[in-house]
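Understanding the architecture of this molecule
If you want the building blocks of each chain, they are given just below.
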Amino acid sequence: LIALIASAPTRVHAGPAPAPRPPVFITTAGQSSDMAPVKQAIDALGLKSSAAPTAICCDIKSSGTVIIVFRADEDRMKAAWLTARTEQRRIEDILGKMRACGLAIIGVYLGGQHELDPVTRRLLDAGMKGVHYFIAARGASTDDYFNAAAQRHGFELILMDGPSQLQSAIAGLFATE
């Protein structure tokens, strides 16, 4: 019995994940321009939203759902005076406080076919622990990574063939309200 308990997978999330609901707040983990297509998809669905790439918790509190778009753009991070460590701490702070407030948290990665760069991977590794849902573009080098993270952390993973499927992936999450 003890061996069975010790080898059982650990679920990070107790109870059901909160259902995504508007208003939606969109931010980035890594300051990439990938936030723009996510904002466009949310707007096309007619969901009330706001966005800020360097948001902090007080910017987000009145939202029903937080979407964090993961991909590092080191030039944009430098322009915003952010290091990989400060960006990681900002995202961990958002995840912890917004989960405590009961907000649904959706992660998005539009990166696709190329390898994860070290900064993006660091941000994803930190962020996967706190999301309820994750939408990721399929990629030969990333599918196994996202599947393993979903198993380890207990979030719902939605793999899409490309960014053109982003709007329908988001719509599917909000249709369950």
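Conventions adopted
- Starting from 1, residues in each chain are numbered consecutively following that chain's sequence as written.
- In keeping with the predicted nature of the model, local features appear solely for residues at pLDDT of at least 70, side-chain atom pairs appear and are counted solely at 80 or more, and the whole-chain, interface and lining totals rest on all residues.
- Excluded from the side-chain calculations are hydrogens and water; all other atoms, namely the structure's heavy atoms, are used.
- pLDDT expresses how confident the predictor is about each individual residue, on a scale running from 0 to 100.
- Any two residues whose heavy atoms approach within 4.5 Å at even a single point are treated as in contact.
- The classification of residues rests on relative accessible area computed with a 1.4 Å probe and restricted to protein chains. Under 20% of the type maximum is buried, over 50% is exposed, and intermediate values are partly exposed.
- Secondary structure elements follow DSSP: runs of H or I no shorter than four residues count as helices, runs of E no shorter than two count as strands, and numbering proceeds from the N terminus.
- What the arc measures is the spread of directions leading from the helix axis to the C-beta atoms.
- Any two strands are treated as partners once DSSP identifies two or more bridges connecting them.
- Comment: axis = line fitted to C-alpha atoms, over the contacting stretch for helices; angle = value between 0 and 180 degrees taken between N-to-C directions.
- Handedness of a crossover: with both strands directed away from the viewer, a clockwise path from the first strand across the helix to the second marks it as right-handed.
- Angles are sorted into four bins: roughly parallel if under 35 degrees, roughly antiparallel if over 145, roughly perpendicular if 65 to 115, and oblique for all others.
- Throughout, a crossing is termed right-handed when the near helix is turned clockwise from the far one, and left-handed when it is turned anticlockwise from it by less than a right angle.
- Residues are grouped as follows: Ala, Val, Leu, Ile, Met, Phe, Trp, Tyr, Cys and Pro are nonpolar; Asp, Glu, Lys and Arg are charged; all remaining types, including Gly, are polar.

Some points on the confidence of the model for the protein
Per-residue confidence for the protein gives a mean pLDDT of 82, with 86% of residues at or over 70. Every residue in residues 1–14 is under pLDDT 50, and counting partners more than four places away or in other chains gives 12 contacts.

Here's the deal with helix H7 (residues 143–153)
Residues Asp143, Tyr145, Phe146, Ala149, Ala150 and His153 constitute the buried set of H7. In an axial view of H7, the angular spread of the buried residues amounts to 165°, which keeps them on one side of the axis. Seen from the buried face of H7, the exposed residues on the opposite side, beyond 90 degrees, are Asp144 and Gln151. Buried residues along H7 sit against strand E4 (104–109), helix H6 (118–127), strand E5 (133–137) and strand E6 (156–160). In the segment just after H7, glycine 154 is the residue with positive phi, at about 75°.

Side note on the sheet that holds E4
In spatial order, the strands read E2-E1-E3-E4-E5-E6; together these 6 strands make up an open sheet with parallel pairing. Strands at the two margins of the open sheet, each flanked by one partner only, are strand E2 (49–51) and E6. Recorded for the sheet is a direction-independent mean angle of 20° between the axes of neighbouring strands. Bridge count for E5 against E6 is 5 bridges, and the pairing is parallel.

Points about the pairing of E5
With respect to burial, E5 is a largely interior element, 5 of its 5 residues being buried. Residues Tyr133, Ile135 and Ala137 of E5 are buried on one face, and the alternating residues Phe134 and Ala136, pointing to the opposite face, are buried as well. Sheet analysis places E4 next to E5, joined by 4 bridges and oriented parallel. The partner of valine 108 across the bridge, within E5, is isoleucine 135. Chirality of the crossover, the property in question, places the unit of E5, H7 and E6 among those that are right-handed.

Description of the packing of helix H2 (residues 35–44) against helix H8 (residues 166–174)
As a packed pair, H2 and H8 sit with axes 9 Å apart at the nearest point and diverge in direction by 55°. The angle between the axes of H2 and H8 places the two elements in the oblique class. Classified by chirality, the crossing of H8 by H2 is right-handed. Residue-level contacts link Pro37, Val38, Ala41, Ile42 and Ala44 of H2 to Leu166, Gln167 and Ile170 of H8. In terms of residue class, the contact of H2 with H8 is built from 7 nonpolar, 1 polar and no charged.

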